[in-house]
Amino acid sequence: MTPPLLQYDHVTVRRGDQIALDDISLSIPAGEHVAILGPNGSGKSTFIKTLTRECYPSITGRPSGFRILGRDTWDLFELRALLGIVTNDLVAACTRDVTGRDTILSGFFSSIGVWAHHHVTAAMQTRTDEIIDLLEVAPLAGRRLDELSSGEARRLVIGRALVHEPKAIVLDEPTNSLDLGASHELREILRKVVRAGTTMILVTHQLQDIIPEIDRVVFLQHGRIVGDGCKADVLTPEALTHLFGVTVDVARRDGYYAAW
């Protein structure tokens, strides 16, 4: 049997004196699209950092309890080819005088930009062309990221994460700092990515970010999982009011959910 893409088994993560993830257990099979939803301070950033290996579970005489495709030890370069992870910090780091095309192409080398010592093959160029077409960024390919809007730059950095055909893409607050129009455009592009066959794990506090193709939603609050199920069951006014600590109403339209 194929092991889960991600497996958390009673995982606790400390950051300084604080417990950021508190005894969480979670299994995400390969091919399942999942949203991790929670307010600021709920542990979402730490969840991402367990994937990037910036944070490690506490170990008290037993295995770490965290595995990716059944393994708890990975070479970092190998892991980057397996999971395409896009955080706001990465978008900021990539927003420099590098063209959109080279930003995407640099995903093969885990760099920012393509440099003289990189050996760029014809297959890499072809795959970059495919990503440019998928993400509809041809007009941006020759422009520098530091000349683009936040939404345009983010789309190219997502292309960088997708170029090596990872098993899954992990997105951290993908519409952060984007206006309504740019947010809508990005969500529609993310729908194309999922339909093209890439597993998506979305980490967000925005209900509207959960595209229709994502059906499973996990609630994270104070470092603990407090809900896990299909959207129709968990995205209710009562459950969201408890999660965010304010009175919430919910509306649904064209497969999207919104709260106010």
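Here is a short report on the structure shown in this document. (Residues numbered from 1 in each chain as written. Predicted model: local features only at pLDDT ≥ 70, side-chain atom pairs only at ≥ 80, totals over all residues. Heavy atoms only, no water.)

### Some thoughts on the sheet that holds strand β9 (residues 224–230)
The 6 strands lie next to each other as β5-β6-β7-β3-β8-β9, forming an open sheet whose pairing is mixed. Since the sheet does not close on itself, it has two edges, and those belong to β5 (83–86) and β9, each with one partner. Put simply, the sheet's adjacent strands are angled 15 degrees from each other on average, direction ignored. Pairing analysis gives 4 bridges linking β5 to strand β6 (residues 168–172), with the strands arranged parallel. Across the sheet, the residue bridging to leucine 83 is alanine 168, located in β6. Sitting on the sheet, helix α9 (residues 237–244) is in contact with β3 (34–37), β8 (216–221) and β9, with an inclination near 35 degrees to β8. (Pairing = 2+ DSSP bridges. Helix = DSSP H or I, 4+ residues; strand = E, 2+ residues; numbered from the N terminus. Axes fitted to C-alpha atoms, helices over the stretch in contact; angles between N-to-C directions. Contact = heavy atoms within 4.5 Å.)

### Focus: unusual backbone geometry
Although it is not a glycine, serine 110 adopts a positive phi angle of roughly 55 degrees. Tracing the backbone through its elements, the reader meets serine 110 in the loop between α4 (100–105) and α5 (122–134). Its relative accessible area of 27% is what places serine 110 among the partly exposed residues. The backbone of glutamate 173 shows a phi angle near 45 degrees, a positive value even though the residue is not glycine. With respect to the helices and strands, the residue glutamate 173 is situated in the loop between β6 and α7 (180–195). (Buried < 20%, exposed > 50% of the residue type's maximum accessible area, 1.4 Å probe, protein only.)

What is shown is where atoms sit, not what they do.
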